[in-house]
Amino acid sequence: MRAMRFERFGGPEVLVEAHVPDPVAGVGETLVEVEAAGVNFGDIKQIAGEHTDGPYAPKTPLPHVPGMEVVGRAADGRRVLGYVAQGGYAEKTVVADRDLVTLPEGVGAGEALALLVQGLTAWHLLRSVARTRAGESVVVHAGAGGTGSLVVQLAREFGAGRIIATASSDEKRAAALEFGADAAIDGDAEGYRERVLDANHGRPVDVILDAVGGPVLDSALDALGYLGRLVTYGASSRQTASAIAPSRLAVDSITVAGFWLIPLIARQGAGGAALEELLDLTARRRLRPLVGAEYDLTRARDAHEDMLGRRTRGKLVLRP
């Protein structure tokens, strides 16, 4: 079968087309003929050799076929969505049954792929980590992005009282409002607290979900109210946040938490109630995953270069 793999670590240029043996499903696994594969920034980091430490990111063997999200057909005819630790950039792959769900009618491949890593991240940020309650105010950083736009929509679905999105341009702020935010503001660290409080009618907020890190995370702490929660799940700024003194948290009983989806999948699997809820909401058009460009599988390098160049918006899809 055809696949895109890398034989050394590096940039998008190390991805090459190869013909490799068809995978064989074992006990508790399903062979899937791939209709579409999702592209993640995590794929780029893996190809660069940056995902080689820790219990949930073991050293990547070479040569290696990347890709963690697939939509395709099982042998019994079911159209399925599945998470794989590797092997998504191929015509066929094997998926553990606990990481597989059947797609409902009316959900497109790109929509489904957007719900796996980004959608589950959004769901768990609100439900499992921040434990957002009805009526609470929620600030979503990068609210027009793939994950942020889903957080905005799910916060509305889950009954948040006021949703404030941050974004870096007028165009992105307008998009966040279209996704359901009540207000959209500049997310720059300077003047952050004042803008957030102004957008929340002068009051500190209950929940802040941060994928930016650095000085923005530092400023976000000052915008939280009593029993406020800040969840960090990324650091797109590539800057380090300041150390947090416990006394700073104690005064207003503030919680700072972190979240990474991959360890949760390793423990529980990707399939299950959360993913099924996301797919059902999408099938009923209560949730609109952000779908971007499609590429032939052999143009995976182009997809990675476009993502690195910030020329994309929404879930990128590879078609074998």
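Definitions and limits used
- Residues numbered from 1 in each chain as written.
- Predicted model: local features only at pLDDT ≥ 70, side-chain atom pairs only at ≥ 80, totals over all residues.
- Heavy atoms only, no water.
- Helix = DSSP H or I, 4+ residues; strand = E, 2+ residues; numbered from the N terminus.
- Rg over C-alpha atoms; globule rule 2.2 N^0.38 Å.
- Buried < 20%, exposed > 50% of the residue type's maximum accessible area, 1.4 Å probe, protein only.
- Contact = heavy atoms within 4.5 Å.
- Axes fitted to C-alpha atoms, helices over the stretch in contact; angles between N-to-C directions.
- Parallel < 35°, antiparallel > 145°, perpendicular 65-115°, else oblique.
- Left-handed = near helix turned anticlockwise from the far one by under 90°.
- Nonpolar A, V, L, I, M, F, W, Y, C, P; charged D, E, K, R; others polar.
- Pairing = 2+ DSSP bridges.

Engineer: Is there a simple way to explain the overall build of the chain in this structure?
Structural biologist: Looking only at helices and strands, the chain has 10 helices and 15 strands in total. Relative to the compact-globule value of 20 Å for 320 residues, the chain shows a C-alpha radius of gyration of 20 Å, a close match. Here the C-alpha coordinates of the chain stretch approximately 60 × 40 × 35 Å along the principal axes. Per-residue burial over the chain gives 51% buried out of 320 residues. Within the chain, residue pairs in contact and separated by at least 24 positions form 68% of the contacts whose partners lie at least 6 positions apart.

Engineer: Can you help me understand the packing of helix α2 (residues 109–129) against helix α3 (residues 146–157) in this one?
Structural biologist: Geometry of a packed helix pair, given as the angle between the helix axes and the separation of the axes. Running from N to C, α2 and α3 point in directions that differ by 50°, and their axes come no closer than 9 Å. When the axes of α2 and α3 are compared, the pair comes out oblique. As α2 packs across α3, the resulting crossing turns out to be right-handed. Across from A114, L115, Q118, G119, T121, A122, W123, L125 and L126 in α2, the residues of α3 making contact are G146, T147, L150, V151, L154 and A155. Along the lines of polarity and charge, the residues of the contact of α2 with α3 split into 10 nonpolar, 5 polar and no charged.

Engineer: Could you clarify how one ought to interpret unusual backbone geometry in this entry?
Structural biologist: In most cases, non-glycine residues show a negative phi, while peptide bonds are predominantly trans. The omega angle of the peptide bond from L62 to P63 is -5°, so this bond is cis rather than trans. Within the secondary structure layout, P63 lies in the loop between α1 (41–47) and β4 (69–74). In the Ramachandran plot, L227 falls in the positive-phi region, its phi being about 60° despite a non-glycine side chain. One can find L227 in strand β12 (residues 224–232). L227 gets classed as partly exposed once you look at its relative accessible area, which sits at 43%. Phi at S253 takes a positive value of approximately 50°, unusual for a residue other than glycine. Relative to the helices and strands, S253 resides in the loop between α7 (246–251) and β13 (255–258).

Engineer: How do you make sense of the sheet that holds β13 when you look at a structure like this?
Structural biologist: Working definition: the strands of a sheet are paired by backbone hydrogen bonds and lie parallel or antiparallel to each other. Overall, parallel pairing links the 6 strands, which are arranged β10-β9-β8-β11-β12-β13 in an open sheet. The sheet terminates laterally at β10 (183–186) and β13, the two strands that pair on one side only. For this sheet the average axis-to-axis angle between neighbouring strands, irrespective of direction, equals 20°. Relative to strand β11 (residues 205–210), strand β8 (residues 137–140) runs parallel, the two sharing 3 bridges. Opposite V139, over in β11, you have I208 as the bridge partner. Seen against the sheet, helix α4 (residues 170–178) touches β9 (162–167) and β10 and runs at an angle of roughly 160° to β10.

Don't take any of this as a statement about function, it's just geometry.
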